[in-house]
Amino acid sequence: MAESTRKQRTHRHRGKRSSRKPSLKRSLLRYAFLGTLLFGVAVVGYLMYLDRTITKTFEGRRWSVPAVIYAQPLEIFPGANLSLSEVTRELQRLGYQASPNLQAPGTYKRTGARLSVHLRAFRFLERPRASQKIDLSFGSGVISDVHDATGRPVPLIRLDAPTIGSFFPSHGEDRQVLIPEQVPDLLRQSLIAVEDQNFETHLGFDPAGIARALWVNVRAGELQQGGSTLTQQLIKSYFLDNRRTLERKLRELAMAIILELRFSKTDILNAYINEIYLGQDGVRAIHGFGLGSQFYFNKPLPELDTDEIATLIAIIRGPSYYNPFRHPDRTLARRNLVLTKMHASGLIDDDQQHTATNRPLAVVRGARVGGTYYPAFMDLVRNQLGTRYRDQDLTSAGLRIFTTLQPPAQDAVEQALSQTLSDLEAARELAPDLLQGAALITSHQTGEVVALAGGRMAGVDGFNRALNARRPIGSLIKPVVYLTALESGYHLASIIEDAPVTVSQRHATWTPQNFDNEVHGPVPLVRALGDSLNLATVQLGLALGVDTVAARLTALSGQKTENPYPSLLLGAESMTPLEVAGLYGTFASGGFYMPPKAVIAVLDETGTPVSHHPFAPEQKIPAQTAEALNRGLEAVMLYGTGKSSRFARAGVAGKTGTSDDYRDSWFAGFDDAHLGVVWVGADDNAPTGLTGAAGALRVWDNIMTHLSVQPLHHALTDDLKTIEYGSGLLANANCADVVDVPVPRGVALQSKAGCGINLRTITDRLRAWLSKD
């Protein structure tokens, strides 16, 4: 009985244990199932997220066409003041190649004093121009004759408008977006042959390609092939960083497969051609073969030779490692390997391979031309377009923006600024790179900014001093004081006192001094302006009223005067070089204010104008008063603080400016066509020891050396009087240092004794006597 009971208990105990086992298994299975389900849901969700990200980004970027920015084209016509070398230099800037037969557009041939050019087709602002051939003849530094291929005279024709940049969403990235029809077939086929032989058949990744690359690299003992497909390379460029982790690699594979499933091979390959990173130009990243062709070879992609296409493909593997400027031997070896693969794939024949392999690297060092980048000027373009267009329009709507930039003038500004600052540092034993500067040139009759430099290093993004450096302008303010005087009944021969003056202020007194610490007594207005006499200017400004002068400055500049106190009269007011250009542009244009402009017109992707930026002149100074002021500014150059200029007697006008403790050196000067404004100083506001004449004027001189200086044309009126510059006395042409100034009728001037025979009077009487016959 007892034994039976034990058996029953044992049986029940075993039964309990056996009943627990199925319950535990079911729980484990349930958890495993739930975990797998949750993992699957997470994976599916992540893949859906990747799908949305890829589709949105790729479709948006694939069809986004950034705005392309153009400079002014060079105009060619009989009588143009252009030499054969200057036109040749502009053709080279545009990437034209010397050719003996001119078979293709983008070529030229020089024969003695003649130049034959096969122009590319180009769609200008007004209308498209087909590709055509022209012949130019030169003589005495000008174009003497222009004919087309049939011998017919051509009154006017323009070279292509240079491309100077584009607007793309990612800061620092620049590219020229190409459609499939613009891509040479040799480039497409070569990319596949070199980078991804199974591109047409794989689904985003290529196991066979990975194995083949591994085998080739092991046999060669170096990295000759990569295992990533073109699709994977595109994914890395679009979405991923350069970290080499398993997680990133798996993500890359998943995204590559999704991209292949969503888009066609044609779309993927064209996106790759527009997106792939090909090098660095300072802070500007060179993306895509369109811009890469311009950056490395200074010509459009369709004009590249076989060896040049191979060079670009070689650079893909490592733009830093295969930088043709820094590592030419390394790049040449890689290029020749690419040519070997192109030949093995049947893309080029034996002769083509032999010719291409034996050519040197054809990269153009420092070619800031077809792919030119002018960041300081582009800042101005962005600022002016920002009031009319959204960022999205500028980065994706395919706009074509025609600007006022003239590359030859821009080159002159950049070279003069950089070289002159280096020369000043060497001559004055200043620390290298202590000095900084900004300069701009405008066409003062239109307000067009034809050149602009925001610092001494050309082509470098950074602080734009031309637009953003607000510095005290010193004596550049003085023409405003003298303009106010001319509008208040004074004239250039009026006598004012250059005498000591003390101004009582709330907490202190102000006692200005002349630059030479001398007192000059009674002086004519024209000399006070020309010699930049502080005491005379303050005396005059106080007589006019500081508030009156401040109000006149506000009216001229369109901006509130920040310092309406006596120190304003000597330039204790800060402005940017661009703002100074607006102020002095009003003087130079004869009294008409035209805001400095960088944009001429904007066209949409079909070539239809969407906005035009016409001239908007506003008369702010009466013409006669502006004429009188400009005669005074011309006297600055003849006898005053600008007389050290090499153009002092070339019929130019201008004004020097120096701030307290020689912290800012300024000059603004103009001839009959151009206004130039230059600032020189230190970014930390340290004293430089440079006056306006010793610093900024030297930069201006070197700029104008490269431009054709055109003497100012003054109106000949019957109120002109010849006076002695130093005294204001009525004089004649035989007297030293005389100027012609307008004097109101009825104003009697005291005559200067002596100066010998008045040759002008004798000449006039002789002409009158001869006319009687």
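As the structure is a prediction and not an experimental result, all values here were calculated from the model. Residue numbers restart at each chain and count upward from 1, following the sequence in its written direction. Residue-level local features of this predicted model are given only where pLDDT is at least 70; pairs of side-chain atoms are given and counted only at 80 or more, and the full residue set underlies all totals for whole chains, interfaces and linings. Neither water nor hydrogens contribute to the side-chain values; these are computed over all heavy atoms in the structure.

S.K.: Looking at this model, I keep getting lost on unusual backbone geometry. Mind explaining?
M.R.: With the exception of glycine, most residues fall at negative phi, and the peptide bonds are largely trans. Positioned with a positive phi, Ser140 is a non-glycine residue whose angle comes to about 55 degrees. Within the secondary structure layout, Ser140 lies in the loop between β8 (132-139) and β9 (142-148). Residue exposure (1.4 Å probe, protein chains only): buried if accessible area is under 20% of the type maximum, exposed if over 50%, otherwise partly exposed. Judged by relative accessible area, Ser140 falls into the exposed class, the value being 83%. At Asn298, a position not held by glycine, the phi torsion is positive, near 60 degrees. Its relative accessible area of 7% is what places Asn298 among the buried residues. Note on conventions: DSSP H or I runs of at least 4 residues are helices, E runs of at least 2 residues are strands, and numbering of each starts at the N terminus.

S.K.: How should empty space enclosed by the protein be read in this particular structure?
M.R.: It is the rolling of a water-molecule-sized probe over the atoms that shows where space remains empty. Using only the protein atoms, space was sampled on a 1 Å grid; points where a 1.4 Å probe fits but cannot get out form cavities, open sets with protein on both sides within 12 Å along at least five of seven lines form pockets, and lining residues are those with an atom within 4 Å of a point. Grid points are joined across faces, edges and corners, and a volume is the space filled by probe spheres set on the points. Following the criterion strictly, the structure yields 4 cavities of 30 Å³ or more and no others. Quantified by volume, the second largest cavity comes out at close to 70 Å³. Contributions of two or more residues to the lining of the second largest cavity are made by β16 (436-443) and α20 (577-588). Counting residues per element, the lining of the second largest cavity draws most heavily on α20, which supplies 4 residues. Gly is put with the polar residues, along with every residue not named as nonpolar or charged; the nonpolar set is Ala, Val, Leu, Ile, Met, Phe, Trp, Tyr, Cys and Pro, and the charged set is Asp, Glu, Lys and Arg. The residue inventory of the lining of the second largest cavity, partitioned by class, reads 3 nonpolar, 7 polar and no charged.

S.K.: What exactly am I supposed to notice about the nonpolar core here?
M.R.: Nonpolar side chains tend to gather and get buried jointly when the protein is soluble and globular. Formed by 89 residues in total, the largest nonpolar core has its most connected members in Phe167, Phe377, Leu385, Ile401, Leu452, Val580 and Phe587. In contact with Phe167, not counting residues within four places along its chain, are Pro66, Ala67, Ile69, Met378, Val381, Arg382, Leu385, Leu394, Thr395 and Ile401. The set of buried Ala, Val, Leu, Ile, Met, Phe, Trp, Tyr and Cys residues whose side-chain atoms join them within 4.5 Å is what this entry labels a nonpolar core. Only heavy atoms enter the contact rule, under which two residues are in contact if any of them lie within 4.5 Å.

S.K.: Explanation requested: the sheet that holds strand β4 (residues 107-111) in the structure shown.
M.R.: Strands pair in a sheet through their backbones, by hydrogen bonds, and they do so in one of two ways: parallel or antiparallel. Strands are labelled as partners when DSSP assigns at least two bridges between them. Spatially, 5 strands are ordered β3-β4-β5-β8-β9 in an open sheet, and the strand pairing comes out mixed. The two strands at the open ends of the sheet, each matched to only one other strand, are β3 (97-98) and β9.

S.K.: How do you make sense of the sheet that holds strand β14 (residues 284-287) when you look at a structure like this?
M.R.: In space, the 3 strands of this open sheet follow the order β12-β14-β13, with mixed pairing throughout. What marks the edges here is a single partner per strand, and that holds for β12 (173-174) and β13 (277-281). Relative to β14, β12 runs parallel, the two being bridged by 2 bridges. Note that in β14 the partner of Glu173 across the bridge is Ala285. Note on geometry: axes are lines fitted to C-alpha atoms, helical ones only across the stretch in contact, with angles between N-to-C directions running from 0 to 180 degrees. Those strands touched by helix α8 (residues 288-297) are β12, β13 and β14, and its axis lies near 115 degrees from that of β14.

S.K.: Would you mind showing me how to read the pattern of salt bridges here?
M.R.: Between side chains of opposite charge, pairing is possible as soon as their charged atoms come close. Each salt bridge in this description consists of a side-chain nitrogen of Lys or Arg and a carboxyl oxygen of Asp or Glu lying within 4 Å of one another. The full count for this structure, using the stated rule, is 28 salt bridges. The closest approach of N and O atoms between Arg120 and Glu303, which form a salt bridge, is 2.5 Å. Placement of the pair is Arg120 in the loop between β5 (114-119) and β6 (122-123) and Glu303 in the loop between α8 and α9 (306-316), with a sequence separation of 183 residues. Relative accessible area serves as the criterion here: at 10%, Arg120 is assigned to the buried category. Measuring nitrogen to oxygen at the nearest pair gives 2.8 Å for the salt bridge that ties Lys265 to Glu260. For Lys265, a relative accessible area of 19% puts it in the buried group. Among the charged side chains, a network of salt bridges with common partners joins Lys299, Asp305, Asp307, Glu308 and Arg359.

S.K.: Mind showing me how you'd approach the layout of surface pockets here?
M.R.: Quantified by volume, the largest pocket comes out at close to 1,400 Å³. Leu74, Glu75, Leu82, Gln406 and Pro408 are the residues nearest the centre of the largest pocket, which is lined by 37 residues in total. Elements that contribute at least two residues to the lining of the largest pocket include exactly α2 (84-93), β15 (400-403), α14 (407-427) and β17 (448-453). Considering every element that reaches the lining of the largest pocket, the biggest residue donor is α14, with 6 residues. A class-by-class count of the residues in the lining of the largest pocket yields 17 nonpolar, 11 polar and 9 charged.

S.K.: When you look at the packing of helix α10 (residues 328-344) against helix α11 (residues 350-357) in this model, what are you seeing that I'm missing?
M.R.: Packed helix pairs are specified by the crossing angle of their axes together with the interaxial distance, meaning the distance between the axes. Between α10 and α11, the least distance of the axes is 10 Å, while the angle of their chain directions is 175 degrees. The orientation of α10 relative to α11 falls into the category roughly antiparallel. Of α11, the residues touching α10 (which contributes Arg335, Asn336, Leu339, Thr340 and His343) are Asp350, Gln353, Ala356 and Thr357. Tallied by class, residues from the contact of α10 with α11 come to 2 nonpolar, 5 polar and 2 charged. Convention used here: angles under 35 degrees read as roughly parallel, angles over 145 as roughly antiparallel, angles from 65 to 115 as roughly perpendicular, and any remaining angle as oblique.

S.K.: Is there a simple way to explain the side chain of Ser659 in this structure?
M.R.: Positionally, Ser659 belongs in the loop between β28 (653-658) and β29 (664-670). The exposure class of Ser659 is buried, given its relative accessible area of 10%. Polar contact is defined as a pair of N or O atoms within 3.5 Å, subject to the rule that within protein one atom must be able to donate a hydrogen and the other to accept it, and that residues adjacent in sequence are counted only when both atoms are side-chain atoms. Polar contacts involving the side chain of Ser659 include one to the side chain of Asp664, which spans 2.7 Å. For Ser659, the contacting residues outside a window of four places in its chain are Pro472 and Asp664.

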